[in-house]
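Structural overview for review
Here is how the chains run, residue by residue.
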Amino acid sequence: MGQVFVLDHPLIQHKLTYIRDKHTGTKEFRELVDEVAMLMAFEITRNLPLQPKTIETPVVETESSVLAGKKIGLVPILRAGLGMVDGMLKLIPAAKVGHVGLYRDPKTLQPVEYYIKLPSDIEERELIVIDPMLATGGSANDAIHSLKKRGAQNIRLMCLIAAPEGVEVIKKDHPDVDIYLGALDEKLDEKGYIIPGLGDAGDRLFGTK
Ligand SMILES: O=P(O)(O)OC[C@H]1O[C@H](OP(=O)(O)OP(=O)(O)O)[C@H](O)[C@@H]1O
Ligand SMILES: O=c1cc[nH]c(=O)[nH]1
Ligand SMILES: [Mg+2]
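Residues numbered from 1 in each chain as written. Chains lettered and ligands numbered in written order. Predicted model: local features only at pLDDT ≥ 70, side-chain atom pairs only at ≥ 80, totals over all residues. Heavy atoms only, no water.

You'll find the protein chain entered in an unreviewed UniProt entry as Uracil phosphoribosyltransferase, with Virgibacillus massiliensis given as the organism. On record in UniProt, under Pathway (unreviewed entry), the comment for the protein chain is "Pyrimidine metabolism; UMP biosynthesis via salvage pathway; UMP from uracil: step 1/1." Database annotation for the protein chain, UniProt heading Catalytic activity (unreviewed entry): "UMP + diphosphate = 5-phospho-alpha-D-ribose 1-diphosphate + uracil". (UniProt positions renumbered as here; feature names shortened; annotations may be inferred.)

Topic: the UniProt feature "binding site: uracil" (unreviewed entry) in the protein chain
If you check UniProt for "binding site: uracil" (unreviewed entry), the listed places come out as Ile194, Gly199, Asp200 and Ala201 in our numbering. Of the annotated set, the members that line the largest pocket are Ile194, Gly199, Asp200 and Ala201. By the element assignment, Ile194 lies in strand 13 (residues 194-195). Exposure remark for Ile194: the relative accessible area of 6% places this residue in the buried category. With residues up to four places along the chain from it excluded, the contact list for Ile194 reads Met133, Leu134, Ala135, Ile161, Ala162, Ala163, Asp185, Lys187 and Leu188. Here Asp200 is to be found in the loop between strand 13 and helix 6 (201-206). (1 Å grid on protein atoms, 1.4 Å probe; cavity = no way out; pocket = protein on both sides within 12 Å on 5 of 7 lines; lining within 4 Å. Helix = DSSP H or I, 4+ residues; strand = E, 2+ residues; numbered from the N terminus. Buried < 20%, exposed > 50% of the residue type's maximum accessible area, 1.4 Å probe, protein only. Contact = heavy atoms within 4.5 Å.)

A look at the pairing of strand 10 (residues 154-162)
Within strand 10, eight of the nine residues are buried, leaving the element largely enclosed by the surrounding structure. Of the strand pairs in this sheet, strand 8 (residues 126-130) and strand 10 are connected by five bridges, and their pairing is parallel. If you follow Ile128 over to strand 10, its bridge partner there is Arg156. Here strand 9 (residues 133-134) runs beside strand 10; their pairing, made up of two bridges, is parallel. (Pairing = 2+ DSSP bridges.)

Regarding the side chain of Thr45
Mapped onto the secondary structure, Thr45 falls in the loop between helix 2 (26-44) and strand 2 (50-56). Looking at Thr45, its side chain comes within polar contact range of the main-chain oxygen of Phe42, at 3.1 Å. (Polar contact = N/O pair within 3.5 Å; in protein donor to acceptor, adjacent residues only side chain to side chain.)

A short note on the pattern of salt bridges
Per the stated rule, a full pass over the model turns up 14 salt bridges. Note that Lys90 is salt-bridged to Asp34, the shortest N-O span being 2.5 Å. Residue Lys90 is found in helix 3 (residues 85-91), and its partner Asp34 is found in helix 2; the two are separated by 56 residues along the sequence. With a relative accessible area of 16%, Asp34 lands in the buried category. Ionic pairing is found between Asp176 and Lys148, a salt bridge with its closest N-O pair at 2.9 Å. Here Asp176 is found in the loop between helix 5 (164-173) and strand 11 (178-184), whereas its partner Lys148 is found in helix 4 (residues 138-149), with 28 residues between them in sequence. Its relative accessible area of 43% is what places Asp176 among the partly exposed residues. Judged by its relative accessible area of 29%, Lys148 is partly exposed. (Salt bridge = Lys/Arg side-chain N within 4 Å of Asp/Glu carboxyl O.)

Spelled out as structure tokens, the structure:
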């Protein structure tokens, strides 16, 4: 069964408060999402494998450690997932980036896929699907299905905020996928928005309405 990790580092929680605040404008919202994505990348890479490397310090030869070169792929769900890419690349600069374009139909709440472009070697990569919001779970669920259909073997999901409903959908349909969250909120409202949430992540990132 997939595990759910709420990354409760104080810096993440502090920044999330201002991300949620409706008085935070587009520029600051975008900067905060970028910073939180970087902090979450720090937590999510905690178990990356290391390999020994012999080096010389100015004083003595010693055996130290370097990353073992695990191949990582970031897969933002368009649009709002784009806001988290640069922050993650600051810590994982060698990652390749695939894109899945999906929007949620406002009436049916069903995801509609309109674009997909992935690194050619996704089956060898550890993929991290990124989206600020996991609401009904339909979008992330669909994105993960698309990746698996194309050969992905190893997938994790990282979101700023999730509703319990969305988490349950991913746990049920993709028990192999671990979920990393900045916060697990209370519920969805009748329009499928996360309560308390942050509103519409894409609109707040890009200044649209
Ligand atoms: O879990 P769900 O119920 O599927 O909802 C979550 C999705 O909704 C938002 O995208 P949106 O459809 O607003 O597209 P956008 O990023 O282009 O604004 C969000 O970024 C997720 O992708
Ligand atoms: O609360 C929500 C739910 C879906 N998409 C968003 O951007 N926000
Ligand atoms: Mg949106």
